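Read off the chains here:
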Amino acid sequence: MIKIEINLAVALYLGISIIILLIWIVFEYRKDKRVKEKNYNNLWQCPICFHIYIDSRAETISRCPKCNTLHRREEKM
Ligand SMILES: [Zn+2]
């Protein structure tokens, strides 16, 4: 068995815990940012009635749920 002082053992334990926690926070932050960007791309604004809605299925052409007109994506919102 390896003999180490209790101070060193506690310090190592806390240090490793903090490092794992920091890595976890960074990964969660990145994931959250990706999800937000994805939702942002699903956001559409109708050029006729200016209604803003989310359509995740449409890529280039979407139908407005309010005035029921088809329109093409002009530029990123
Ligand atoms: Zn509309």
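Keep in mind the model is a prediction, meaning the values are calculated, not measured.

Visitor: Would you explain the overall build of the protein chain in this entry?
Guide: In terms of regular secondary structure, the protein chain is built from 1 helix and 4 strands. Going residue by residue from the N terminus, the α and β elements of the protein chain occur as α-β-β-β-β. At a minimum sequence separation of 6, the contacts of the protein chain that also span at least 24 residues come to 22%. By element, 63% of the accessible surface of the protein chain is carried by carbon and sulfur atoms, the whole surface being about 7300 Å².

Visitor: Whenever I open this one, a nonpolar patch on the surface confuses me. Can you help?
Guide: On the surface, a cluster of nonpolar side chains totalling about 1000 Å² of accessible area is made up of Ile6, Val10, Tyr13, Leu14, Ile18, Leu21, Leu22, Trp24 and Ile25. Looking at where Leu21 falls in the secondary structure, it is placed in helix α1 (residues 6–41). The class of Leu21 is partly exposed, set by a relative accessible area of 44%.

Visitor: How should I be thinking about the pattern of salt bridges in this particular structure?
Guide: Opposite charge on two side chains permits pairing when their charged atoms draw close. Overall, the coordinates contain 1 salt bridge when judged by the stated rule. Residue Glu28 is joined to Lys31 by a salt bridge in which the shortest nitrogen-to-oxygen separation is 3.3 Å. Of this pair, Glu28 and Lys31 both sit in helix α1, 3 residues apart, which is roughly one turn of the helix.

Cut-off values and rules
Residues numbered from 1 in each chain as written. Predicted model: local features only at pLDDT ≥ 70, side-chain atom pairs only at ≥ 80, totals over all residues. Heavy atoms only, no water. Helix = DSSP H or I, 4+ residues; strand = E, 2+ residues; numbered from the N terminus. Contact = heavy atoms within 4.5 Å. Areas by Shrake-Rupley, 256 points an atom, 1.4 Å probe, with all protein chains shown as cover. Patch = residues over 30% accessible without salt bridge, like charges linked within 9 Å, V, L, I, M, F, W, Y side chains within 5 Å. Salt bridge = Lys/Arg side-chain N within 4 Å of Asp/Glu carboxyl O. Buried < 20%, exposed > 50% of the residue type's maximum accessible area, 1.4 Å probe, protein only.

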